[in-house]
Amino acid sequence: MDQMTQVHMERDGEVAVIVIDNPPINAGSAAVRSGLLSAIGQFKEDAVLTAAVIIGAGKAFVAGSDLREFGLPLAEPQLPSVIAAIEACGKPVVAALHGAALGGGFELALGCDARVASADLVVGLPEVTLGIIPGAGGTQRLPRLVGIARAIRMICSGERVDSEAALSLGLVDQIASGDLRAAAIAYARRLQGTKSRLSERAVPAVDEAGVAAAIAAARRAGGRNPAVQAAIDAVRSAAVLAFDQALSEEREVFQQLRLSAQARALRHLFFAEREAARPLADAAAVTGAVQRVAVIGAGTMGCGIAISALDAGCDVRLLEQQAEALERGTARIQDYYASRVAAGKLKAVEAAAREARLQPTLDWSLLAEADLVIEAVFEDLAVKQAVFRRIDGLARPGAVLASNTSYLDLDAIAAATRRPQDVLGLHFFSPAQVMRLLEIVRGAQTSPQVLATGLALAQRMKKQPVVTGSAFGFVGNRIYSAYRRQCEFMIEEGALPQQVDAALEAFGFAMGPFAVADLSGLDIAWRMRQAQAGQRDLQARYVDIPDLLCDAGRLGRKTGAGYYAYENSDGKTHRRSDPQVEALILAASAAKGMLRRSLGDEEIVRRALLSMVNEASLLLAEGVAQRASDVDVVLVNGYGFPRLQGGPVFWARERGEPALTAGLDELVGLSGPGFVRCELRHVLNQEG
Ligand code: NAI
């Protein structure tokens, strides 16, 4: 790393132009910091120079700090020293901001005397989303510009602000109409040598009610992220402590948090998510831009997928077999947009523009116009095959044909067409317009271009893609099934559903597995078990409690009863434990001759997570999951696994091999016949 190649100084008369050039995003690294420090030193010493501009080469100012450095002792010089040098140099320094000025990049800009932006700028302090707080003065300088309440809102949510909003908030002083560099140089000259340090400014008068509201909102949205409260405390101290003292306290908290388990988990996910979305080496070229999308099936998923495509700017044809279902689906999409407008989340004109790109139809010949067709009809292989035969007859050559199946064999679906190379799975999660995860299923014959098109579409829809192989349940549903099965074992052995749910909710899941099952409806899995009864391994342990519940008409929340009883009051549905369920479970254990024992919360969490880890390792060995870290991306983005815990693979690596091996030994014994034990090396191999 040569600092001189990452930062260099140019001259425009008496103005120094310090250029940060660390492609692709000018991430703040040790080399960048040290290059900046020496450039500032040079600028200070050079009597000819009266002002400086700091500008980024390429597509951003500084889009953040290099997170790889955050798990290690930070190399000198650290960012606060660079900013201190800017403040101390005696001559004004203007930040010329374009693209992104995020995290440490924005803190650097706040350490300058003025900020000139280009129209494409986004600024923000996303540190809290990575489990840390801004550590280079962000919590102290931002409130001096926007006040305590606004600073809490911005820092605790990691909000990104565009150039116009940045100007109206005072985060930047000017938006350059033409060339940014020239505008920043002109601005620097106009300062006529005067410094204007934010550290010397007073914090605007504190609006107590506004601060209390901002804190309450931040705590609500922040869940258990310890960085949220730390950020609130740091920002509030801007109003009460001397700048230097508050600054050093901020740094101390930053240093503690950056090494915390939560921050490590969040960094792990940051890299894992980026890696999962990276185009595959053999799938670099897309088949062509996707503009016209045909969605087949206007049910729950079809409507959600149609909304995602409309939101991404695509033209959407929504196809159905029955007029009634089509009308219901269309109304659902309209209601969705009406509710977004009513909630103030979307402008009425924008909603109207999106709805105008929707064409509901029963005329399948319109399929011929689609660049991409997504099928979301009933989960039944024969039905899907019939639909794909029909699509094959109508879609244009080269169109991408996708199925939203959640379990079925993609190759069997593709085989219904004469173009299996054009078929892939796009497995959305419910509600599709909200959930970020998109499993992109690669069939045996899916072409690299078709896969690349799927990845590009995911990006356009702002989804988090993960490429999986084609195998029953892909990655997510297969791991989730193993987890749920283990939880069923535990209720058969002695726990109750509410205890299992409570233990896993305490671990951080938004909902335990039995509450989730009730919400989804127990009948889906019931029907699947019935369909597969013929293939079931009769030697394997089989928990019949879910079947017994379904037999009793307890299909979950929609029937008012499942693993829990449900009551409606104050406009909400409340779950409560049900003695009838307990009796049913006790009878089921007794019928198998099982002596129930009490299970501790620690055992419940350990077994539930180990079952996920075990299945993840099997999927890696089979090549269905490409990388261990993909498993974490899937579970966190699609299945409510707590982000602060990093995912099952992260959890496993934190425990280490000896503890995992012992845990698996125990799990194999307790699970009984049918449990397939993995080889741990697949999840422990840090490469993936
Ligand atoms: P749904 O029952 O709400 O909707 C299915 C729709 O497809 C209905 O409107 C039906 O009229 C239509 N349809 C059925 N056969 C058709 C045909 N031959 N031609 C045209 N339209 C037809 O089902 P849902 O929940 O939307 O599921 C659809 C697919 O999405 C299934 O494959 C399912 O496994 C998958 N999926 C479902 C998830 C969920 O949480 N519901 C999550 C992820 C995937």
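The structure displayed is predicted, hence computed values, not measured ones.

Check the secondary structure of the protein chain and you find 29 helices and 19 strands. On C-alpha atoms alone, the protein chain measures out to a radius of gyration of 28 Å, which is about the 26 Å that the 2.2 N^0.38 rule sets for 688 residues. Overall, the protein chain is about 90 × 60 × 50 Å in size when its C-alpha atoms are taken along their principal axes. The proportion of buried residues among the 688 residues of the protein chain is 55%.

What follows covers the environment of Gln486. Tracing the sequence through the fold places Gln486 in helix α19 (residues 476–493). For Gln486, a relative accessible area of 1% puts it in the buried group. Sequence separation of Gln486 and Arg144 is 342 residues, and the distance between their C-alpha atoms is 53 Å. The contacts of Gln486, once residues within four sequence positions are left out, are Arg607, Ala608, Ser611, Leu667, Ser671 and Phe675. One polar contact links Gln486 to Arg607, side chain to side chain, over a distance of 2.8 Å.

Okay, the sheet that holds strand β8 (residues 160–162) next. In any sheet, the strands associate via hydrogen bonds between backbone groups, in a parallel or an antiparallel arrangement. Spatially, β5-β7-β8 is the arrangement adopted by the three strands of the open sheet, whose pairing is mixed. In the strand order of this sheet, the two ends are held by β5 (100–102) and β8, each with one partner. Put simply, the sheet's adjacent strands are angled 20° from each other on average, direction ignored. Pairing analysis gives three bridges linking strand β7 (residues 122–124) to β8, with the strands arranged antiparallel. Residue Val123 lies in a different strand from β8, and its bridge partner there is Val161.

In terms of domain boundaries, the protein chain breaks down into domain 1 (3–259), domain 2 (291–473) and domain 3 (477–684). The centre of domain 1, based on its C-alpha atoms, is set 46 Å off from the matching centre of domain 3.

On to the side chain of Glu87, then. Mapped onto the elements of the fold, Glu87 is located in helix α3 (residues 79–88). Those residues in contact with Glu87 that lie beyond four places of it in its chain are Gly111, Arg141, Lys195, Arg197, Leu198 and Ser199.

Here we come to α3. Of all the positions in α3, only Leu79, Val82, Ile83, Ile86 and Glu87 are classed as buried. The arc that holds every buried residue of α3, seen down its axis, measures 140°, which confines them to one face. Residues of α3 that are buried make contact with α2 (30–45), β3 (51–56), β4 (93–97), α4 (104–110) and α5 (138–146). One or two steps after α3, the chain reaches Gly90, where phi turns positive at roughly 85°.

In terms of nonpolar packing, the biggest core is built from 71 residues, with Ile54, Leu142, Ile152 and Leu171 touching the most fellow members. Per-element tally for this core: the top contributor is helix α10 (residues 226–240), with eight residues. Discounting residues that sit within four places of it in the chain, Ile54 has contacts with Ile18, Ile20, Leu36, Ile40, Phe61, Ile86, Val93, Val94, Ala95, Ala96 and Cys112.

Turning our eyes to something else, we now look at the site of the ligand. The local shell around the ligand holds 22 residues, among which Met301, Glu320, Glu379, Lys384 and Ser406 are the closest. The separation between an oxygen atom of the ligand and a polar side-chain atom of Glu379 is 2.5 Å. One nitrogen or oxygen atom from the side chain of Lys384 is found 2.6 Å from an oxygen atom belonging to the ligand. Relative to its unbound accessible surface of 830 Å², the ligand loses 79% to contact with the protein. Sorting the residues of the shell around the ligand by element identifies α13 (300–311), α16 (381–394) and β15 (423–428) as the ones contributing at least two each. Residues belonging to the shell around the ligand are distributed by class as follows: 10 nonpolar, nine polar and three charged.

Rules and cut-offs
Going along each chain's sequence as written, the residues are numbered from 1 onward. Local features are withheld for residues below a pLDDT of 70 in this predicted model, meaning they are given only at 70 or higher, and side-chain atom pairs are given and counted only at 80 or more; totals for whole chains, interfaces and linings count all residues. Neither water nor hydrogens contribute to the side-chain values; these are computed over all heavy atoms in the structure. Strands here mean DSSP runs of E at least two residues long; helices mean DSSP runs of H or I at least four residues long; both are numbered from the N terminus. Computation of the radius of gyration draws on C-alpha atoms alone. For the globule rule, the value is 2.2 Å times the number of residues to the power 0.38. Each residue's exposure class comes from its accessible area (1.4 Å probe, protein chains only) as a fraction of the maximum for that residue type: buried when under 20%, exposed when over 50%, partly exposed otherwise. We call two residues in contact whenever any of their non-hydrogen atoms come within 4.5 Å of each other. Distance and chemistry together define a polar contact, namely a pair of N or O atoms within 3.5 Å, with one atom able to donate a hydrogen and the other to accept it when in protein, and with adjacent residues in sequence counting only for side-chain atoms on both sides. Only strands that DSSP links by at least two bridges are regarded as paired with each other. Angles shown run from 0 to 180 degrees and are taken between the N-to-C directions of axes, each axis being a line fitted to C-alpha atoms and, for helices, limited to the stretch in contact. Either an automatic procedure or a domain database provided the assignment from which the domain bounds are taken. To obtain the arc, one takes the directions from the helix axis to the C-beta atoms. To form a nonpolar core, buried Ala, Val, Leu, Ile, Met, Phe, Trp, Tyr and Cys residues must be joined to one another through side-chain atoms within 4.5 Å. By convention in this text, a residue qualifies as near a molecule or strand provided that one of its non-hydrogen atoms is within 4 Å of it. The accessible surface values rely on the Shrake-Rupley method and a 1.4 Å probe; as for residues, cover is taken only from the protein chains in view. Three classes are used: nonpolar for Ala, Val, Leu, Ile, Met, Phe, Trp, Tyr, Cys and Pro, charged for Asp, Glu, Lys and Arg, and polar for all others, with Gly counted as polar.

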